[in-house]
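# What the coordinates show
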Amino acid sequence: MKHPNKEIMIDLIKKQWQNHSIYAAVITNDGVIISEGTTTVAQSCDPTAHAEVNAIREASRLLKTSQFPSGYWLYSTFEPCPLCSSAAIWAGLDGIVYANNPTYRGDLPNWSFIRCADVLEKGRDIHQVTLYSDYLIEEIKGYFTRHKKDNTKSEDEHGEVSSL
Ligand SMILES: [Zn+2]
């Protein structure tokens, strides 16, 4: 399968609109979704329980490894923060594909306070991770500012995503 994969990202974006959490998934090169993660920081009382880390942890558990063989990719509906970008390096993932970025975070803090691309660049001696930034961002960039717009507008956006 060729990355970035539209079908996989659209599915994750749809889930974010429906369930209101960042969604991440670990994918094989054949397009098989090994694991999916949502952000569970509050529920699990774990400051590191970001969607991407949760997806990587679950995939590691299923594959019984801390170092993935080649061919595994991380997809996320939001730009991975420094923690999650580093986790992708430590896990030995081949690549990251993300959609939304902090430009469209609304009033939220900038949790990608070191850009994913910068973390991956600095960590390349440990493991090289390919990056596709802002993939299908038009489908999700209105998410964090959805309440600031009139209802018709945000429903339109929702409808566009749902119909894909
Ligand atoms: Zn994170």
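The shown structure was predicted, so the numbers you read here are calculated from the model rather than taken from an experiment.

### Quick word on the nonpolar core
Buried together is how nonpolar side chains tend to be arranged in soluble globular proteins. Counting residues in hydrophobic clusters, the biggest one holds 39 residues, and the most contacted among them are Leu 74, Tyr 75 and Leu 93. When contributions to this core are tallied by element, the ones reaching two or more residues are helix H1 (6-19), strand E1 (23-28), helix H2 (51-63), strand E3 (72-78), helix H3 (82-91), strand E4 (95-100) and helix H4 (116-122).

### Here we look at the UniProt feature "domain: CMP/dCMP-type deaminase" (unreviewed entry) in the protein chain
The UniProt record marks residues 3-116 with the feature "domain: CMP/dCMP-type deaminase" (unreviewed entry), using the residue numbering of this structure. Across residues 3-116 one finds 33% helix and 22% strand; the C-alpha atoms that close the span lie 17 Å apart.

### Comments concerning the sheet that holds E4
As summarised here, the arrangement of the 5 strands in space is E2-E1-E3-E4-E5, forming an open sheet in which the pairing is mixed. The outermost strands of the open sheet, each flanked by one partner alone, are strand E2 (33-38) and strand E5 (130-132). Averaged over all neighbouring strand pairs, the angle between strand axes comes to 15°, with direction disregarded. Examined bridge by bridge, E1 and E3 share 5 bridges and lie antiparallel to one another. Across the sheet, the residue bridging to Ala 24 is Ser 76, located in E3.

### Focus on the packing of H2 against H3
If you want to describe how two helices pack, look at the angle between their axes and the distance between the axes. One way to put it is that H2 packs onto H3 with a least axis distance of 9 Å and a crossing angle of 20°. Classed by the angle they form, the pair H2 and H3 counts as roughly parallel. Seen from above, H2 lies across H3 with left-handed handedness. On H3, the residues touching Glu 52, Val 53, Ile 56 and Ser 60 of H2 are Leu 83, Cys 84, Ala 87 and Ala 91. The residue makeup of the contact of H2 with H3, split by class, is 6 nonpolar, 1 polar and 1 charged.

### Let's talk about the pairing of E2
As paired strands, E1 and E2 are joined by 5 bridges and run antiparallel to one another. Residue pairing for E2: Tyr 23 is matched across the bridge by Thr 38. From the end of E1 to the start of E2, which pair antiparallel, there are 4 residues, and Gly 31 there has a positive phi angle of about 90°.

### Observations concerning the pairing of E3
E3 sits mainly inside the fold: 7 of its 7 residues count as buried. Sheet topology places E3 next to E4; 5 bridges connect them, and they run parallel. Looking across to E4, one finds that Trp 73 is bridged to Gly 95. Since E3 and E4 lie parallel, the crossover through H3 that links them has a hand, and here it is right-handed.

What counts, and where the lines are drawn
- Residues numbered from 1 in each chain as written.
- Predicted model: local features only at pLDDT ≥ 70, side-chain atom pairs only at ≥ 80, totals over all residues.
- Core = buried A, V, L, I, M, F, W, Y, C linked by C-beta atoms within 7 Å.
- Buried ≥ 20, exposed ≤ 12 C-beta atoms within 10 Å, placed from the backbone.
- Helix = DSSP H or I, 4+ residues; strand = E, 2+ residues; numbered from the N terminus.
- UniProt positions renumbered as here; feature names shortened; annotations may be inferred.
- Pairing = 2+ DSSP bridges.
- Axes fitted to C-alpha atoms, helices over the stretch in contact; angles between N-to-C directions.
- Parallel < 35°, antiparallel > 145°, perpendicular 65-115°, else oblique.
- Left-handed = near helix turned anticlockwise from the far one by under 90°.
- Contact = placed C-beta atoms within 7 Å.
- Nonpolar A, V, L, I, M, F, W, Y, C, P; charged D, E, K, R; others polar.
- Right-handed = clockwise from strand over helix to strand, strands pointing away.

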